[in-house]
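# Structural description and commentary
Chain residues, written in single-letter form:
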Amino acid sequence: MKKWTFIVLIVLTTFLMGSSFAVGKIGLTYASPLYLAALRFIVAGVVMLIVVIVLRRPRPTGKRNWAKIGVIGALQTAGVMGCIFISLRTITASESSILTFTNPLLVVVLGTIFSGIRYKWYQWVGVLLGVIGVSITVGAQVEWKIGIVWGLCSAIFWATATLLVKKWGVLFDTWVLSAYQMLCGGIILLLLSLTLEQPFFIWNHESILILLWLSIFSSIIQFAVWYYVLQHGDPGKTSSFLFLAPFFGVLSGWLLLGETLYLSSIVGGLCIIVGIYLVNRQFQSKKESINT
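Being a predicted model, the structure only gives us computed values, none of them experimental. (Residues numbered from 1 in each chain as written. Predicted model: local features only at pLDDT ≥ 70, side-chain atom pairs only at ≥ 80, totals over all residues. Heavy atoms only, no water.)

### So, the state of the cysteines
Such a bond, covalent and formed between the sulfur atoms of two cysteines, is termed a disulfide. The full count for this structure, using the stated rule, is zero disulfides. Left without a disulfide partner, Cys 153 is nearest to the cysteine sulfur of Cys 83, which lies 5.1 Å away. Residue classification places Cys 153 among the partly exposed residues on the basis of a relative accessible area of 26%. Not part of a disulfide, Cys 184 finds its nearest cysteine sulfur in Cys 83, a span of 16 Å. Residue classification places Cys 184 among the partly exposed residues on the basis of a relative accessible area of 23%. (Disulfide = S-S within 2.5 Å. Buried < 20%, exposed > 50% of the residue type's maximum accessible area, 1.4 Å probe, protein only.)

Rendered as structure tokens:
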């Protein structure tokens with residue numbers, strides 16, 4: 001892949017990841033949080049399901065494999081996105097994106113505890129910087145808000161789902177897994193909405209555009225571009241650019257919502273960004289570089 005093509009696609013996919021927080025917060029003007037998240041992923045899941053059927057991608061076989069997809073959908077879509085949209089009710093899009101994107105740092109911790117995965121020393125430095133960043137961002141809050149808890153929960157759900165996808169992902173076609181887990185997660189979110197809130201959606205031109213943006217651009221296109229770059233580039237190098245997502249989350253919150261950029265959020269966010277970079281970056285020694 002050409003250098004400039006790589007850069008453009010990386011910026012596009014991380015922009016779509018990060019900006020979805022601000023767009024989602026605007027969407028809460030027209031819908032209840034769980035219902036908006038449910039509609040987003042039911043629409044995205046149905047569209048992707050049609051695509052995989054047309055392309056005749058291999059479907060999962062056996063009850064256990066379907067159950068695994070259900071678990072991933074419950075964690076990755078219902079858990080992560082449900083927590084994000086609820087968090088946006090009480091904290092800024094910037095804060096929610098910063099907290100949610102600590103998930104790569106939690107992958108290191110949970111992977112070590114539950115999977116026995118061994119990580120490099122600089123990855124643990126990244127985790128430490130991430131903890132410091134969260135402490136600065138959260139500790140500077142004059143008023144403790146429940147949205148902070150939901151933001152951290154979204155990161156925990158995401159990290160857990162990441163470890164399960166690493167373990168089970170080889171069993172499924174990537175596009176099939178994405179389509180079914182989105183649809184499954186969307187249905188779970190709909191059930192949660194009907195049970196835990198009074199669901200509503202105000203249908204007008206702006207709310208429909210927001211829903212389409214979240215479903216098509218921030219879900220399907222973002223996913224397609226991200227996996228295209230992963231498949232056609234170095235996965236370690238590509239993953240290291242995840243630090244751009246919380247950056248775009250903060251930037252879009254400032255541009256679209258007029259959110260104030262507090263010094264604590266900037267300093268804490270920078271610590272987390274550097275931490276994410278260190279956790280995902282695969283450094284090579286000089287000897288390895290010469291041999292390759």
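### Some points on the pattern of salt bridges
Counted according to the given criterion, the structure contains one salt bridge. A salt bridge links Asp 173 to Arg 57, with the nearest nitrogen and oxygen atoms 3.1 Å apart. Taken together, the residues span a long stretch of sequence, with Asp 173 in the loop between α7 (146–168) and α8 (174–196) and Arg 57 in the loop between α2 (33–54) and α3 (63–87) at a distance of 116 residues. (Salt bridge = Lys/Arg side-chain N within 4 Å of Asp/Glu carboxyl O. Helix = DSSP H or I, 4+ residues; strand = E, 2+ residues; numbered from the N terminus.)

### Overview of the side chain of Ser 154
Mapped onto the elements, Ser 154 comes out in helix α7. Excluding anything up to four places from it in sequence, Ser 154 contacts Val 80, Cys 83, Ile 84 and Thr 100. (Contact = heavy atoms within 4.5 Å.)

### Details of the packing of aromatic side chains
Evaluated as defined, the whole model comprises 10 aromatic pairs. Connected via pairs of aromatic rings, a cluster forms that spans Phe 15, Phe 247 and Phe 248. (Phe/Tyr/Trp six-rings, centres within 6.5 Å; stacked < 30°, edge-to-face > 60°.)

### Here we look at the nonpolar core
Core analysis: the biggest nonpolar cluster contains 75 residues, and Leu 36, Phe 101, Leu 189 and Phe 201 have the highest contact counts within it. The leading source of residues in this core is α2, at 11 residues. Here Leu 36 is in contact with Gly 24, Gly 27, Leu 28, Ala 31, Phe 85, Phe 201, Leu 211 and Leu 214, once residues within four sequence places are set aside. (Core = buried A, V, L, I, M, F, W, Y, C linked by side-chain atoms within 4.5 Å.)

### Things to note about the environment of His 232
Mapped onto the elements, His 232 comes out in helix α9 (residues 205–232). For the pair His 232 and Phe 6, spaced 226 residues apart in sequence, the C-alpha separation works out to 9.1 Å.

### Considerations on α2
Under the 1.5 Å per step criterion, the end-to-end length of α2 is 32 Å for 22 residues, consistent within 8% with the ideal 32 Å. Downstream of α2 by one or two residues, Arg 56 has phi in the positive range, about 55°. (Expected span 1.5 Å × (residues − 1).)

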